[in-house]
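Understanding the architecture of this molecule
Each chain, written out:
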Amino acid sequence: MLRSRLDTAGEDYAAYREAMLGKLAELEAEHAKAVEGGGEKYVARHRKRGKLLVRERIELLLDEDAPFLELSPLAGWGSDFHVGASVVAGIGVVSGVECMIIGNDPTVRGGSSNPWTTRKIFRAADIALENRLPVINLVESGGADLPTQKEIFIPGGRLFRDLTRLSAAGIPTIALVFGNSTAGGAYVPGMSDHVVMIQERSKVFLGGPPLVKMATGEESDDESLGGAEMHARTSGLADYLARDEPDAIRIGRGIVGRLNWRKQGPEPAPVTPPRYDAEELLGIVPEGLKVPFDPREVLARIVDGSEFDEFKPLYGDSLVTGWARVHGYPLGVLANARGILFSEESQKAAQFIQLANQTNTPLLFLHNTTGYMVGRDYEQGGIIKHGAMMINAVSNSKVPHISVLIGASYGAGHYGMCGRAYDPRFLFAWPSAKSAVMGPQQLAGVLSIVARAASEARGQAYDEDGDAAMRAAVESQVEAESLPMFLSGRLYDDGVIDPRDTRTVLGLCLSAIHNNPVQGAQFDGTGFGVFRM
Amino acid sequence: MISNLLVANRGEIALRIFRSCRDAGIGTVAVHSDADARAPHALAADAAIRLPGDSPSDTYLRAGLLVRAALDAGADAVHPGYGFLAENAGFARAVLDAGLTWVGPSPEAIETMGSKVESKRLMAEAGVPVLAELDPERVTEADLPVLVKASAGGGGRGMRIVRDLGGLAEAVESARAEAASAFGDPTVFCERYLETGRHIEVQVLADGHGAVWAVGERECSIQRRHQKVVEEAPSPLVDEPMRERLFDAARKAAKAIDYVGAGTVEFLARDDGEFFFLEMNTRLQVEHPVTECTTGLDLVDWQVRIAEGERLPDEPPQRGGHAIEVRLYAEDPAQDWQPQSGPVHRFAVPGVTAEFAVRPGVASGLRLDSGVADGSVVGVHYDPMLAKVIAWAPTRAAAARSLAGALARAHIHGLVTNRDLLVNVLRHPAFLAGETDTAFFDRHGLGTLATPLADERAVRLSALAAALADAAENRRAARVLGGLPSGWRNVVSAPQRKAYVVAGERHEIAYRLGRDGLHAEGFDDVVLVEATPERVVLEVGGVRRTFDVGRYPGLVAVDSPLGPVSLEPEPRFTDPESEVAAGSLLAPMPGTVVRVAVEQGAAVRAGEPLLWLEAMKMEHRIVAPADGVVTDLPVTVGQQVEHGAVLAVVQGEGE
């Protein structure tokens, strides 16, 4: 059992907590923007049409009192597009089944898709495919955002490909069509396994009356081209005709209830809550990340019963590895302890990842790393070789990975700790996290040294004032670009979470993961054994 | 000696008699209709015999079948209970003719007292004060108001009050019809009706050796539709001299007909102490427990002992203390006492110290004589009385308070009952002052007396408790993610919503369970202490309140010291196919369609009767709600319909 040494009465704790609460307030304000949708005017207009808002549709679709994890809620943050990217995606429970729910927000530019929208939906489809989650699309979209069509049109085809690939993989797809779903959008119901349309509301056609008129001269109307009644009675594109929005949601819930869904991963063990209060997670991570902190303090507030069996505690102790459970699901944990990854830490990680694969145990990476150690001794000691072992193991590990950036995640350390490019099933960041190729100061300093060397080589005097300005500019730019909201806006994580929610988020993700079998890399007698490092 | 006794009855009285038999070591035999196959009384006896069918006339009223059952089961005695064949001389005779012991008075005594006309004449002769009988043909304005009564009647059936002469003929006719169908005897008579009389009765016990006890009096003035609701002993009206006169009259009445066994002589009394003989009930009374609780006698045991020929001691036992009984009915006082049917999911009265039993020498307590248990179903065929609850204590005020408290805290889930009414009566200043008479409900207003114990705020809090308990139940029942916080969101957009209907009013609860506790719209002063599916503890304005929650299909029952509340959860979704067409007339209760007056397509005027539904021995008219056309008529005569079934659809003009 972990014993906390956190001084919750201390000044540091209070200061760190204060800073974290400040960041959480900022985060909440950004989330609120997404929730507000297209703003008062468009929300009012939408309601006046007797329609539910996208989050209202989702609330009604979900099982009562069940949790819902919204994914990429900050998509598009820092871009010209509305926070949230005019779509809501998340994992929720419908008729007792964990589903991927994707709903257009028609109050934001008519629910049209911009480049961030498509990226957010691609990510949701990936999660659904990897974790075997049935997909429910709540469709009401004006189609592509035409001014940015060049960035949407060609990659956007993946939306429809994903749907049928999900179907082919045995993952049911359901489309509840609340309004327009025209042109390319028509292929969302078109490619779905189950389609519900709402009378006098759903409009699904390749080309509307004006386009048809231009193309063939034919005079037509919305209803005959793509009305719900027509699709239910004539074209057969709709399997169910709903009377109104709640009825469509009712039918959708019924469809999920009839999927006879069985999770294929092992059942979780009985759950004991941690012995320490999750509230204290706010006061662990130092503001500015200059001071290392013990990740065991985090684990003590996240894992079942605060029980953590540490692996190789005396070896490579800048990386904590060990076994625990979260919400009953077994987990191998890799957590940076003092930021730096040395050769020992790298080898320990590689061995530990192999052990987890041998026992089909999912892995959790808690990031707070400034990267692999540099310097003559370390290079000569084979730090590249050892870092490569760790990256090799992470890359080829087949058990599900979840990454949480709780502090720094710099340089190749980000890779070794299963950064975004290493396809963890889920990746979340705490508001305290920062991620970049290196720290802003170091990066600016490196640029300064290189520039100084270049001007010296040219025999020119170095412009010290210019250098200071450059360093300040670079530093602040990199600082801004390494912050979680920026990275989340670019879909480099699945969301920024309140540290106090970490256990809940992990529990939900692990449960979602267990819709698929949990299977590590093969240790079946055809390959090697676990390499001792 | 009786060794094996059949009770030709059902429900609580059967259980009551079994209890005495069991104490005496006598074997017990139950009879049951098909509807009662799983009823508590059928399960409690040593042996049970089926009476095929459901209606009383097919089952508990079949003398031949009952005698046959007694013989088949090896019973050597029959106890009739009350109601059904308890005052049927023919049945008593049949029992005796079969060589069995009849636990009751002689068939002759039953016969004599069964005729109200005859019995009044006899009583007058014996010197018992009586109200003069009036010939229906000769009633004059000066006699009004008059009461039309079935000679063979009881329990208020076949009884009519007539206040103007014009209505007399119709009242006599309908009383005759009701008497004929209920008792097989259409004879009715009239007498002066005392508007504000007090119903006082004397329990007598007479052995076969000439001894007659007047055991004690009971007052049963609080009645609805001539059916007793609250009964007590002793009567707050009766002082010692009046008691002497009452007892004397009662003994005279019993002696006049050589009565043997337990019986009750009923009187109508005025506040000045004058009283008149009403009738003698030649059986055990429903309200006999209040006498038992104030005397320590086991009246059923004495019935059996007297039937075995035992002598009464010289003197009846001393009376002491005060006992009050209420009859808990499945009925809705606020809806014209409409009887209710359906499952009783839960029936629990707290603090019960005796069931069906007497506790001699114990100064106070709470007795429950219940015919239902958790899961019992109240059908449409029999009297909807669920139970009798009796409190006894050294004083009347203490008994009333204890009884009201127990009733208020009882968990009664599944049916509308008269419980709130009973509690209001027991706590009413007029009741506590002993100002009880047969007009109690009219005087104090049924509407007021039927006011729910739970006020508006209690209902709102109960709805909140129901929502939180339902949320806890949803989490417990969740197949996945049940261990995660209830309604957890990383991005909060809306609260969870649940809606409940209480007495026709919709209550929506919007709440969120955050890490800092409960946020519920409109409940700013409420802190959630604990919520499980069965119990919710809330701190309301600094005061902690516990709400017990029972959950059944279509019902959430919340009990708290603030008053019981039944909530109907509003479904999240409605299937359009299950919705009823506008203008549909639904069966107000389960019953049988006995007459249809219109055909499909007929034009009808508002208020015009369309069909008649018989339920609980009463005919309910289903009338057109508005002018229009009968567009659908899915029922036919003789059809049994469930509560809520569509009986007809009337489409208004222009629709």
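Residues numbered from 1 in each chain as written. Chains lettered and ligands numbered in written order. Predicted model: local features only at pLDDT ≥ 70, side-chain atom pairs only at ≥ 80, totals over all residues. Heavy atoms only, no water.

Operational definition: UniProt positions are given in the numbering used here, feature names are shortened, and annotations may be inferred rather than shown by experiment.
For chain B, an unreviewed UniProt entry supplies the name Acetyl/propionyl-CoA carboxylase subuit alpha and the organism Prauserella muralis. The UniProt entry for chain B carries the following text under Cofactor (unreviewed entry): "biotin".

**Notes on the overall build of chain B**
Note the threshold: Going along the chain from the N terminus, every DSSP run of H or I of four or more residues is numbered as a helix, and every run of E of two or more is numbered as a strand. The classification of residues rests on relative accessible area computed with a 1.4 Å probe and restricted to protein chains. Under 20% of the type maximum is buried, over 50% is exposed, and intermediate values are partly exposed. Whether two residues are in contact is decided by their heavy atoms: any pair within 4.5 Å suffices. For every accessible area listed, the method is Shrake-Rupley and the probe measures 1.4 Å; residues are considered covered only by the protein chains on display.
Helix and strand counts for chain B stand at 16 helices and 40 strands. Dimensions along the principal axes, computed over C-alpha positions, put chain B at roughly 85 × 65 × 55 Å. Within chain B, buried positions represent 54% of all 655 residues. For chain B, the proportion of contacts with a sequence separation of at least 24, taken over those separated by at least 6, is 63%. With the model as given, the accessible surface of chain B reaches about 26200 Å², and the carbon-plus-sulfur share is 49%.

**Describing the overall build of chain A**
Filter applied, for reference: When charges are counted, neither His nor the chain ends are considered; positive counts come from Lys and Arg and negative counts from Asp and Glu. By convention, the charge on Lys lies at NZ, on Arg at CZ, on Asp at CG and on Glu at CD.
In terms of regular secondary structure, chain A is built from 20 helices and 16 strands. C-alpha extents for chain A along the principal axes are approximately 80 × 65 × 50 Å. Surface accessibility of chain A: about 22200 Å² in total, with carbon and sulfur atoms responsible for 53%. Taking the 53 positively charged and 66 negatively charged side chains of chain A as two groups, their mean positions are separated by 3 Å.

**Details of the sheet that holds strand β6 (residues 194-198) of chain A**
All names here are of chain A. Cut-off, in case you're wondering: Note: two strands are recorded as paired if DSSP finds a minimum of 2 bridges between them. Fitting a line to C-alpha atoms yields each axis, with helices limited to the stretch in contact; the angle taken between N-to-C directions then spans 0 to 180 degrees.
The 7 strands lie next to each other as β1-β2-β3-β4-β5-β6-β7, forming an open sheet whose pairing is mixed. If you trace the sheet from one side to the other, it starts and ends with β1 (68-71) and β7 (240-242), each paired once. On average, adjacent strands in this sheet sit at an angle of 20° to one another, irrespective of strand direction. Taken together, the 3 bridges between β6 and β7 define a ladder with parallel strand orientation. Bridge pairing links Met-197 to Leu-241 in β7.

**Side note on the packing of aromatic side chains**
Let me state the cut-off plainly: In summary, the pairing rule links any two rings of Phe, Tyr or Trp, Trp by its six-membered ring, whose centres are within 6.5 Å, and it sorts them by plane angle into stacked for under 30 degrees, edge-to-face for over 60 and tilted for everything else. Lysine and arginine charges are scored as sitting over a ring when NZ or CZ, respectively, is within 6 Å of the ring centre and within 35 degrees of the ring normal.
The full count for this structure, using the stated rule, is 15 aromatic pairs over all chains. Between Phe-440 of chain B and Phe-441 of chain B, the aromatic rings sit 6.3 Å apart at their centres with planes inclined by 80°, giving edge-to-face as the arrangement. Here Phe-440 of chain B matches Phe-441 of chain B in class, with each residue buried. Grouped by ring-pair contacts, the aromatic residues Phe-311, Trp-323 and Phe-352 of chain A constitute a single cluster. Note that Arg-305 of chain B overlies the ring of Trp-302 of chain B, its terminal NZ or CZ placed 3.9 Å from the centroid. In this structure, Arg-595 of chain B is placed above the aromatic ring of Trp-612 of chain B, and the distance from its NZ or CZ to the ring centre is 4.0 Å.

**Some thoughts on the domain arrangement of chain A**
Applied cut-off: Residue ranges for the domains originate in an automatic or database domain assignment.
Looking at chain A, the domain boundaries give domain 1 (14-257), domain 2 (278-437 + 483-524) and domain 3 (440-481). Measuring from the centre of the C-alpha atoms in domain 1 of chain A to the corresponding centre in domain 3 of chain A gives 46 Å.

**Some details on the packing of helix α11 (residues 396-409) of chain B against helix α12 (residues 419-426) of chain B**
Residue and element names in this part refer to chain B. Rule in force here: The labels follow the angle: roughly parallel below 35 degrees, roughly antiparallel above 145, roughly perpendicular from 65 to 115, and oblique for the rest. Helix crossings are classified by the rotation of the near helix relative to the far one: an anticlockwise turn of less than a right angle makes the crossing left-handed, while a clockwise turn makes it right-handed. Polar here means any residue other than Ala, Val, Leu, Ile, Met, Phe, Trp, Tyr, Cys and Pro, which are nonpolar, and Asp, Glu, Lys and Arg, which are charged; Gly is therefore polar.
Between α11 and α12, the least distance of the axes is 9 Å, while the angle of their chain directions is 155°. Classified by the angle their axes make, α11 and α12 are roughly antiparallel. In this structure, the crossing between α11 and α12 has a hand that is left-handed. Residues Ala-400, Leu-403, Ala-404, Leu-407 and Ala-408 of α11 lie in contact with α12, whose contacting residues are Arg-419, Leu-422, Val-423 and Leu-426. Grouping the constituent residues of the contact of α11 with α12 by class yields 8 nonpolar, no polar and 1 charged.

**Overview of helix α4 (residues 89-97) of chain B**
Spacing of three or four residues puts side chains on the same side of an α-helix, whose turn is 3.6 residues. Residues and elements named next belong to chain B. Keep this limit in mind: It is the directions from the helix axis to the C-beta atoms whose arc is reported. Polar contact criterion, stated in full: a pair of N or O atoms within 3.5 Å, where within protein one must be able to donate a hydrogen and the other to accept it, and residues adjacent in sequence count only if both atoms are side-chain atoms.
Those residues of α4 that sit buried are Ala-89, Phe-91, Ala-92 and Val-95. For α4, the angular spread of the buried residues around the axis is 160°, confining them to a single face. Next to the buried residues of α4 lie α3 (63-72), β4 (77-79), β5 (101-102) and α5 (107-114). The opening residue of α4 is Asn-88, an N-cap whose side-chain oxygen sits 2.9 Å from the backbone nitrogen of Gly-90. Two residues or fewer after α4 comes Gly-99, characterised by a positive phi angle close to 85°.

**Quick notes on unusual backbone geometry**
Residue Pro-145 of chain B is reached from Leu-144 of chain B by a cis peptide bond, and omega for that bond is -10°. Here the residue pair Ala-233 of chain B and Pro-234 of chain B is connected by a cis peptide bond, since its omega of -5° sits within 30 degrees of zero. With a phi close to 50°, His-327 of chain A is a non-glycine residue in the positive phi region. With respect to the helices and strands, His-327 of chain A occurs in the loop between β9 (319-326) and β10 (329-336). A residue is classified by how much of its surface remains accessible, and His-327 of chain A, at 9% relative accessible area, is buried.

**Re the interface of chain B and chain A**
Just so we agree on the cut-off: Only one rule defines a salt bridge in this text: a Lys or Arg side-chain nitrogen within 4 Å of an Asp or Glu carboxyl oxygen.
Across the contact, 30 residues belong to chain B and 40 residues belong to chain A. Our enumeration of links across chain B and chain A arrives at 6 salt bridges. Asp-498 of chain A is paired through a salt bridge with Arg-515 of chain B; the nearest N and O atoms lie 3.1 Å apart. At the junction of chain B and chain A, the tally comes to 19 residue pairs in polar contact (both at pLDDT 80 or more). Sorting the residues of the side of chain B that touches chain A by element identifies α16 (456-477) and β25 (496-502) of chain B as the ones contributing at least two each. The leading source of residues in the side of chain B that touches chain A is α16 of chain B, at 4 residues. For the side of chain B that touches chain A, a count of residues per class yields 12 nonpolar, 8 polar and 10 charged.

**Considerations on empty space enclosed by the protein**
All names here are of chain A. We count it as follows: Buried and open spaces are told apart on a 1 Å grid over the protein atoms alone, a cavity being a set of points where a 1.4 Å probe fits but cannot get out and a pocket being an open set with protein on both sides within 12 Å along at least five of seven lines. Residues with an atom within 4 Å of a point are the lining residues. Grid points are joined across faces, edges and corners, and a volume is the space filled by probe spheres set on the points.
Overall, the coordinates contain 4 cavities of 30 Å³ or more when judged by the stated rule. Considered as a void within the structure, the largest cavity measures approximately 60 Å³ in volume. Lining the largest cavity are Phe-81, His-82, Ala-85, Ser-86, Val-108, Arg-109, Ser-112, Asn-114 and Asp-145. Here the residues of the lining of the largest cavity sort into 3 nonpolar, 4 polar and 2 charged.

**Concerning the domain arrangement of chain B**
Residue and element names in this part refer to chain B. Going by this rule: Note: buried area is the sum, over both parts, of the accessible area (probe 1.4 Å) each one loses when the two are combined.
With domains assigned, chain B is organised as domain 1 (4-103), domain 2 (133-192), domain 3 (198-446), domain 4 (456-569) and domain 5 (576-652). Across the contact, 9 residues belong to domain 3 and 7 residues belong to domain 4. The largest contributions to the domain 3 side of the interface with domain 4 come from His-345, His-411 and His-413, which together make up 61% of the buried area. For the interface between domain 3 and domain 4, the tally reads 0 salt bridges. At the surface where domain 3 touches domain 4, the tally comes to 2 residue pairs in polar contact (both at pLDDT 80 or more). Within the residue set of the side of domain 3 that touches domain 4, elements represented by two or more residues are β24 (411-413) and α12.

**Some details on a negative patch on the surface**
To keep it simple, the criterion reads: Excluding any residue in a salt bridge, patches collect residues exceeding 30% relative accessible area, merging like charges within 9 Å and nonpolar Val, Leu, Ile, Met, Phe, Trp and Tyr side chains within 5 Å.
Taken together, Glu-200, Asp-221, Asp-222 and Glu-223 of chain A make up a surface patch of like negative charges. Judged by relative accessible area, Asp-222 of chain A falls into the partly exposed class, the value being 33%.

**What about the nonpolar core?**
Applicable threshold: Definition used in this section: a nonpolar core is a set of buried Ala, Val, Leu, Ile, Met, Phe, Trp, Tyr and Cys residues joined via side-chain atoms within 4.5 Å.
Core analysis: the largest hydrophobic core is formed by 76 residues, its most contacted members being Ile-91, Met-100, Val-298, Ile-402, Phe-426 and Trp-430 of chain A. Examining the composition of this core, we find that 7 residues originate from one element, helix α20 (residues 502-513) of chain A, more than from any other. Sequence-distant contacts of Phe-426 of chain A, that is, excluding residues within four places in its chain, are made with Leu-71, Ile-91, Arg-123, Ile-127, Asn-131, His-401, Ile-402, Ser-403, Asp-494, Cys-509 and Ile-513 of chain A. With 41 residues, the next largest nonpolar core counts Ile-222, Val-344, Leu-368 and Ala-391 of chain B among its residues.

**Digging into the environment of Ala-624 of chain B**
Residue and element names in this part refer to chain B. Mapping Ala-624 onto the fold places it in the loop between β37 (618-623) and β38 (628-632). The buried category is assigned to Ala-624, whose relative accessible area is 2%. Setting aside residues no more than four positions away along its own chain, Ala-624 makes contact with Val-604, Arg-605, Ala-606, Gly-607, Glu-608 and Leu-610.

**Some words on the environment of Ser-112 of chain A**
All names here are of chain A. Inspection of the secondary structure assignment puts Ser-112 in the loop between β3 (97-104) and α4 (115-131). Relative accessible area serves as the criterion here: at 10%, Ser-112 is assigned to the buried category. On a C-alpha basis, the gap between Ser-112 and Thr-504 in space is 32 Å, while along the polypeptide they are 392 residues apart. Dropping the residues within four chain positions of it, Ser-112 is found in contact with Ser-86, Thr-117, Ser-141, Gly-142, Gly-143, Ala-144 and Asp-145. A distance of 2.9 Å separates a polar side-chain atom of Ser-112 from the backbone oxygen of Arg-109.

**As for the pattern of salt bridges**
One pass over the full model with this rule turns up 88 salt bridges over all chains. As a salt-bridge pair, Glu-229 of chain A and Arg-233 of chain A come within 2.7 Å of each other at their nearest N and O atoms. Residue Glu-229 of chain A and its partner Arg-233 of chain A are both found in helix α10 (residues 228-235); the two are separated by 4 residues, about one turn of the helix. Under the relative-accessibility criterion, Glu-229 of chain A is labelled partly exposed at 28%. With relative accessibility at 62%, the residue Arg-233 of chain A sits in the exposed group. Between Asp-420 of chain B and Arg-419 of chain B there is a salt bridge whose closest N-O contact spans 3.4 Å. Judged by relative accessible area, which is 4%, Arg-419 of chain B ranks as buried. Overlapping salt bridges bring together Arg-16, Arg-19, Asp-23, Glu-292, Asp-298, Arg-367 and Asp-369 of chain B as one network.

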